[in-house]
Amino acid sequence: MEEVLDHNQEAEQIFRQYGRLLELVAAAQLPGRPEDAEECVQDAVWAFVEGRAPWDPAQGSKQTWLCVLVRSRAKDRRRALAADYLARVRTSERDFRF
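Residue positions are given per chain, counting from 1 as you read along its sequence in written order. Residues qualify for local features only when their pLDDT is at least 70, as the model is predicted, and side-chain atom pairs are given and counted only at 80 or more; totals for whole chains, interfaces and linings, by contrast, use all residues. To obtain the side-chain values, all non-hydrogen atoms of the structure were used and water was disregarded.

Caption draft 1: Focus on the nonpolar core. Note on terminology: a nonpolar core comprises buried Ala, Val, Leu, Ile, Met, Phe, Trp, Tyr and Cys residues joined through side-chain atoms within 4.5 Å. Think of it in three bands: with a 1.4 Å probe and only protein chains considered, a residue is buried below 20% of the maximum accessible area for its type, exposed above 50%, and partly exposed in between. Counting residues in each nonpolar core, the largest one holds 21 residues, and the members touching the most others are Ile 14, Leu 22, Val 45, Leu 66 and Val 70. Labels follow the DSSP assignment, with helices taken as runs of H or I lasting at least four residues and strands as runs of E lasting at least two, numbered in each case from the N terminus. Those elements that place two or more of their residues in this core are α1 (2-29), α2 (34-49) and α3 (62-96). What makes two residues a contact is simply this: any of their non-hydrogen atoms within 4.5 Å. Those residues in contact with Ile 14 that sit more than four places away from it in its chain are Gly 19, Leu 22, Val 45, Phe 48, Val 49 and Leu 66.

Rendered as structure tokens:
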């Protein structure tokens, strides 16, 4: 239980300190998709806090690492949205043929 509280406190601190920057990074990759951008930020922060995306201070700052995590997730989301869109277009084209 204490570990969960520690994670929550760390996540809150990250959102306070870097939240706006991380939102801008995600929004740049996902224009017009604020819900998707927000989800990417939350996923990246929780991955960081839970240790699924460990940070090596020798490789750069915490801020830079968080931005990289968010950007990677947002790019993945953008690719998934594009693939979904193309699949729907192709299906529509097949249904439309005479």
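So, next bit.
Caption draft 2: Main features of α2. Every helix has an expected span of 1.5 Å times one less than the residues it contains. Spanning 16 residues, α2 covers 22 Å between terminal C-alpha atoms, matching the ideal 22 Å at 1.5 Å per step. Along α2, the residues that are buried comprise Asp 36, Ala 37, Cys 40, Val 41, Ala 44, Val 45, Ala 47, Phe 48 and Val 49. At the C-terminal side of α2, Gly 51 shows a positive phi close to 85°.

Caption draft 3: Representation of the side chain of His 7 in the model. Mapping His 7 onto the fold places it in helix α1. When its relative accessible area of 18% is taken as the criterion, His 7 is described as buried. Excluding residues that lie within four positions of it along the chain, His 7 makes contacts with Trp 46, Val 49 and Glu 50.

Caption draft 4: Seen up close, the state of the cysteines. By disulfide we mean two sulfur atoms from cysteines, separated by a distance within 2.5 Å. Within this structure, the stated rule accounts for zero disulfides. Lacking any disulfide linkage, Cys 40 is separated from the closest cysteine sulfur, that of Cys 67, by 13 Å. According to the relative accessible area criterion, Cys 40 is buried, its value standing at 2%. With relative accessibility at 16%, the residue Cys 67 sits in the buried group.

Caption draft 5: View of the pattern of salt bridges. Salt bridges are defined by distance alone: a side-chain nitrogen of Lys or Arg within 4 Å of a carboxyl oxygen of Asp or Glu. Scanning all chains against the criterion turns up eight salt bridges. Residue Glu 39 is joined to Arg 77 by a salt bridge in which the shortest nitrogen-to-oxygen separation is 3.1 Å. With Glu 39 in helix α2 and Arg 77 in helix α3, the pair connects residues that are 38 residues apart, well separated along the chain. Close ionic contact of Arg 79 with Asp 76 constitutes a salt bridge, the shortest N to O distance being 2.5 Å. Remark: Asp 76 and Arg 79 occur in helix α3; sequence separation between them is three residues, near one turn of the helix. Judged by its relative accessible area of 48%, Arg 79 is partly exposed. Via salt bridges that share partners, Arg 33, Asp 36, Glu 39 and Arg 77 belong to a single interconnected network.

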